[in-house]
Amino acid sequence: MEGDDAAAALDHVVTAFGTYEEYLDSQVTTQDLYYLENEEMARQLVELGFRGSGEVLKREEFEARKAAAEASRLSERTQQNTNTAGSCMAPAPFPIGWKLRLHYSQGVEG
């Protein structure tokens, strides 16, 4: 059960941040930047696990989870569109008034 919670937390992390750099930056403190004076080095320390809280995703894992989350979101959207499209009646190809007008304009009796 704990593994499911950790996976859900990591999935939330991937949806919360647009890029891997934003994810790393979220774990860098102002104190880190004060002492290091280099944002890239602070990111590297987080990526290596020296800074930050909890398990740190590697770039490849972050991007793979990001792609999986996007695919899941698109799949859900497609499924919703499919479900809603089948629930409404499609309009008739020609309105009945147009058919009547065509019928009488051709001089057809009956």
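Predicted, not measured: the structure shown is a model, and the values here were computed from it. (Residues numbered from 1 in each chain as written. Predicted model: local features only at pLDDT ≥ 70, side-chain atom pairs only at ≥ 80, totals over all residues. Heavy atoms only, no water.)

A. Just the overall build of the protein chain, in detail. The helix and strand tally for the protein chain stands at six helices and zero strands. Taken from N to C terminus, the helices and strands of the protein chain fall in the order α-α-α-α-α-α. Going through the 110 residues of the protein chain one by one, you find that 14% of them count as buried. Within the protein chain, residue pairs in contact and separated by at least 24 positions form 54% of the contacts whose partners lie at least 6 positions apart. Put simply, the protein chain shows about 8,700 Å² of open surface, and 56% of that area lies on carbon and sulfur atoms. (Helix = DSSP H or I, 4+ residues; strand = E, 2+ residues; numbered from the N terminus. Buried < 20%, exposed > 50% of the residue type's maximum accessible area, 1.4 Å probe, protein only. Contact = heavy atoms within 4.5 Å. Areas by Shrake-Rupley, 256 points an atom, 1.4 Å probe, with all protein chains shown as cover.)

B. Spatial organisation of helix α4 (residues 39-48). Every buried residue of α4 is accounted for by Ala42, Arg43 and Val46. One face of α4 carries all of its buried residues, which in axial projection span an arc of 100 degrees. The elements touched by buried residues of α4 are α2 (20-25) and α3 (30-36). For α4, the N-terminal capping position is held by Asn38, with its side-chain oxygen 2.9 Å away from the main-chain nitrogen of Glu40. Immediately downstream of α4, the backbone of Gly49 shows phi near 95 degrees, a positive value. (Arc of directions from axis to C-beta. Polar contact = N/O pair within 3.5 Å; in protein donor to acceptor, adjacent residues only side chain to side chain.)

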